[in-house]
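Okay, here's what each chain looks like letter by letter:
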Amino acid sequence: LEHLETFTGQLSLPEGTADFITIGPSDKATIDITDNDAVEVNFDPTIYSVHENNGSVELILVANASAFYGYSVTVETFDGTAIHDSDYTGGSFEVDFPAGSTTAS
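Just so it is clear, the structure is predicted and the values come from calculations on it, not from any experiment. (Residues numbered from 1 in each chain as written. Predicted model: local features only at pLDDT ≥ 70, side-chain atom pairs only at ≥ 80, totals over all residues. Heavy atoms only, no water.)

A.B. asks: What's the story with the sheet that holds strand E7 (residues 103-104) in this structure? I'm lost.
C.D. replies: In a beta sheet, neighbouring strands pair by backbone hydrogen bonds and run either parallel or antiparallel. Spatially, 3 strands are ordered E3-E4-E7 in an open sheet, and the strand pairing comes out antiparallel. Looking at strand neighbours, the two that pair on one side only are strand E3 (41-43) and E7, the edges of this open sheet. Relative to strand E4 (residues 61-63), E3 runs antiparallel, the two sharing 3 bridges. Directly across from Val41, in E4, lies its bridge partner Ala63. (Pairing = 2+ DSSP bridges. Helix = DSSP H or I, 4+ residues; strand = E, 2+ residues; numbered from the N terminus.)

A.B. asks: Got a minute to help me understand unusual backbone geometry in this structure?
C.D. replies: Phi is mostly negative for residues that are not glycine, and the peptide bonds are mostly trans. Of note, the amide linkage connecting Asp44 to Pro45 takes the cis form, showing an omega dihedral of 10°. With respect to the secondary-structure elements, Pro45 resides in the loop between E3 and E4.

A.B. asks: Just checking my understanding: could you explain the packing of aromatic side chains for this structure?
C.D. replies: The description of an aromatic ring pair uses the distance of the two centres, along with the angle that the planes make with each other. Per the stated rule, a full pass over the model turns up 1 aromatic pair. Taking the centre distance of 4.9 Å and the plane angle of 5° together, the rings of Tyr71 and Phe97 count as stacked. One end of the pair, Tyr71, is in strand E5 (residues 71-76); the other, Phe97, is in strand E6 (residues 92-97), and 26 residues separate them in sequence. Of the two residues, Tyr71 and Phe97, neither departs from the other in class, the shared state being buried. (Phe/Tyr/Trp six-rings, centres within 6.5 Å; stacked < 30°, edge-to-face > 60°. Buried < 20%, exposed > 50% of the residue type's maximum accessible area, 1.4 Å probe, protein only.)

Right, here's the structure in full:
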């Protein structure tokens with residue numbers, strides 16, 4: 001992702017323009033270019049294995065590009081054959097990607 005980019009447009013009259021044509025006080029306009037580059041975040045790897053008594057597993061998130069600004073994504077757990085609070089501690093967790101980073105965990 002990029003900084004907000006801007007440019008200015010300004011009115012002027014070409015040489016030889018008739019005297020009855022003038023430029024008013026609103027002779028400048030600022031144009032903002034909105035960034036449309038998308039950063040895509042994925043798990044990498046997509047399959048993890050942890051021993052029951054190990055205590056935790058580190059999930060690694062990878063972005064396809066770095067962003068000028070920091071941002072966060074949410075990781076949420078859902079039961080499969082393992083049951084929340086019985087087999088694992090899960091929930092909803094916010095993961096921060098600092099500015100310029102392509103990995104987080």
